[in-house]
Amino acid sequence: MQKPHRRYNPLMDEWVLVSPHRLERPWQGQQETPPADERPTYDPACYLCPGNRRASGEYTPPYENTLVFTNDFAALLPETEPLSPSTPPLFRVARVRGTCRVICFSPRHDVTLARMSRPDIRHVVDIWCEQYGELARTYRWVQIFENHGAMMGASNPHPHGQIWALDTLPTTPAREDRAQRRYFDTHGQPLLADYLAAECAQAERIVVENEHWVVVVPFWAVWPFETLLLPRRPVRRLPSLNDAERDALADILKRLLTRYDNLFEIDFPYSMGWHNAPGLDEDAPHWVLHAHFYPPLLRSATVRKFLVGFEMLGEPQRDLTAEQAAERLRSLAEQHYLEREENP
Ligand code: H2U
Ligand code: ZN
């Protein structure tokens, strides 16, 4: 399919315009500055390095593997005032309660998930599962995510992620919930379980897989090198992952993120996050746990994709096809470019 066409995203119930030939157009627009590779193992000015003082005046304690603390500038608060029930229909407001946390992935300032060892990534997997289990007891939606790299708005290069938990479903999860529920009601199977089986049968969009996980460039991907990480066993929530699945998750993360870094030989920027079934006690046979990875880069370390113009006003559009993106990611080595012999 080299001619313009539209593809349907069944998870979001929306369309994406695919225009493969557009990648040939000249680019004289903004160039990004590639991130520097060199960082010290400890930075006295970093608020996430062990023992340092944060902007709030609190101290980040010494820690061995991971550290979780309440965000000093939380976007959500556990206590908010009730609102008057009679807001005019065109000026609706709603009460929201929640909390925000920061997760340090490592006490070392200079590493990234891609370059951490599998056992160290496993610590991050365990903290994700633990935090989800704890926060989902109180909050209906627990959004675990990582903004990686300055291009994605990360405020600090120290390896870290965030959690925002709230008592209501945000817009995107609400749409995914509706779409998966509708599919389950019609087909009697979870949408993402059927989708994974169909992708495995076609194989052309698979980037990397192991015994328990599969990464695909979804058929309906919007971002150039967007991927979707799916468990082979259709579990609903992170805490349900068993020991072998958690080890395999550390493995697949390492391999996917190494491929990403190798694509343009930079510390590859992305936003990633987990979508668990809402609410710990809710019956959710329609839902399958998954993670989205949204990297902004398009054709090199310095040229990013902008979602503007038609994408803001009409619908999302992509230039290279999902199949081409998967092929490129699949062809890359799983040895990190900084760890090659000529690059000691
Ligand atoms: P990002 O790099 O993705 O922005 O995450 C860092 C978070 O850390 C950010 O949400 C918080 C910011 O509010 N933070 C603190 O909690 N304490 C600080 O001293 C600085 C930053
Ligand atoms: Zn640091």
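Structure shown above.
In what follows, the accompanying structure is described. (Residues numbered from 1 in each chain as written. Chains lettered and ligands numbered in written order. Predicted model: local features only at pLDDT ≥ 70, side-chain atom pairs only at ≥ 80, totals over all residues. Heavy atoms only, no water.)

In the vicinity of ligand 1, 14 residues are found, and the nearest of them are N71, D72, S155, H160 and Q162. With respect to ligand 1, the backbone of A55 contributes an N or O atom lying 2.8 Å from an oxygen atom. Contact distances for ligand 1 include 2.7 Å between an oxygen atom and a side-chain N or O atom of N71. When ligand 1 is considered free in solution it has 470 Å² of accessible area, and contact with the protein chains removes 88% of it. (Near = heavy atom within 4 Å. Polar contact = N/O pair within 3.5 Å; in protein donor to acceptor, adjacent residues only side chain to side chain. Areas by Shrake-Rupley, 256 points an atom, 1.4 Å probe, with all protein chains shown as cover.)

Looking now at the nonpolar core. One finds W128, L229, W274 and F293 to be the most contacted residues of the largest nonpolar core, which totals 59 residues. Top contributing element to this core by residue count: helix 4 (residues 243-264), with 10 residues. Setting aside anything within four residues of it in sequence, one finds W274 in contact with W128, Q143, I144, W213, L229, L238, L249, L289, H290 and A291. By size, the runner-up hydrophobic cluster in this structure holds 15 residues, among which are L11, L191, W220 and L230. (Core = buried A, V, L, I, M, F, W, Y, C linked by side-chain atoms within 4.5 Å. Buried < 20%, exposed > 50% of the residue type's maximum accessible area, 1.4 Å probe, protein only. Helix = DSSP H or I, 4+ residues; strand = E, 2+ residues; numbered from the N terminus. Contact = heavy atoms within 4.5 Å.)

Within the protein, the zinc ion (ligand 2) binds to C46 (SG), C49 (SG), H109 (ND1) and H158 (ND1); these donor distances fall in the range 2.0 to 2.3 Å. Around the zinc ion (ligand 2), the four donor atoms sit at angles spanning 104 to 117°, and that spread fits a shape best called tetrahedral. On the primary sequence, the residues serving as donors to the zinc ion (ligand 2) are separated as C-x2-C-x59-H-x48-H. Separated by 63 residues along the polypeptide, C46 in the loop between strand 2 (14-18) and strand 3 (67-70) and H109 in the loop between strand 4 (98-104) and helix 1 (118-135) bring together distant segments of the chain. With relative accessibility at 3%, the residue C46 sits in the buried group. Classification of H109 as buried rests on a relative accessible area of 2%. (Donors = N, O, S within 2.8 Å, 3.2 Å for Na, K, Ca; no water. Tetrahedral: all angles 85-135°; square planar, octahedral: opposite > 155°, others 65-115°.)

This part covers unusual backbone geometry. Phi at A203 is positive, roughly 65°, even though this residue is not glycine. When you line up the elements, A203 lands in the loop between helix 3 (191-202) and strand 7 (206-209). Given a relative accessible area of 37%, A203 falls into the partly exposed group. The backbone of E265 shows a phi angle near 55°, a positive value even though the residue is not glycine. Looking at where E265 falls in the secondary structure, it is placed in the loop between helix 4 and strand 10 (270-275).

With that settled, consider the sheet that holds strand 7. Judged by pairing direction, the sheet is antiparallel, and its nine strands sit side by side in the order 3-4-6-5-10-11-9-8-7 without closing on themselves. Edge strands, defined here as strands with exactly one partner in the open sheet, are strand 3 and strand 7. The sheet shows a mean angle of 20° between the axes of neighbouring strands, direction not considered. Of the strands in this sheet, strand 3, strand 4, strand 5 (141-148), strand 6 (160-166) and strand 10 touch helix 1, which is tilted by about 165° from strand 4. Contacting strand 7, strand 8 (213-216), strand 9 (227-231) and strand 11 (290-294), helix 3 crosses the sheet at an angle of about 110° to strand 9. (Pairing = 2+ DSSP bridges. Axes fitted to C-alpha atoms, helices over the stretch in contact; angles between N-to-C directions.)

Turning next to the sheet that holds strand 1 (residues 5-9). Where strands meet in a sheet, backbone hydrogen bonds hold them as pairs that are either parallel or antiparallel. If you walk across this open sheet you meet the three strands as 1-2-12, and the pairing is mixed. Of all strands in the sheet, those bounded by a partner on one side alone are strand 1 and strand 12 (317-318). The pairing of strand 2 with strand 12 spans two bridges and is classified as parallel. What sits directly across from L17, in strand 12, is Q317.

Our next topic: the packing of helix 4 against helix 6 (residues 322-330). Between helix 4 and helix 6, whose axes approach to 9 Å, the crossing angle comes to 95°. Relative to helix 6, helix 4 is oriented roughly perpendicular. Here helix 4 contributes R259, Y260, L263 and F264 to the contact with helix 6, which in turn contributes R328, L329 and R330. Its residues placed into classes, the contact of helix 4 with helix 6 shows four nonpolar, no polar and three charged. (Parallel < 35°, antiparallel > 145°, perpendicular 65-115°, else oblique. Nonpolar A, V, L, I, M, F, W, Y, C, P; charged D, E, K, R; others polar.)

Right, let's get into the pattern of salt bridges. For the structure on display, the rule yields 27 salt bridges. For the salt bridge of E134 with R101, the shortest nitrogen-to-oxygen distance reads 3.1 Å. In this pair, E134 sits in helix 1 while R101 sits in strand 4, placing the two residues 33 residues apart along the sequence. The shortest N-O distance in the salt bridge between E334 and R255 comes to 2.9 Å. (Salt bridge = Lys/Arg side-chain N within 4 Å of Asp/Glu carboxyl O.)

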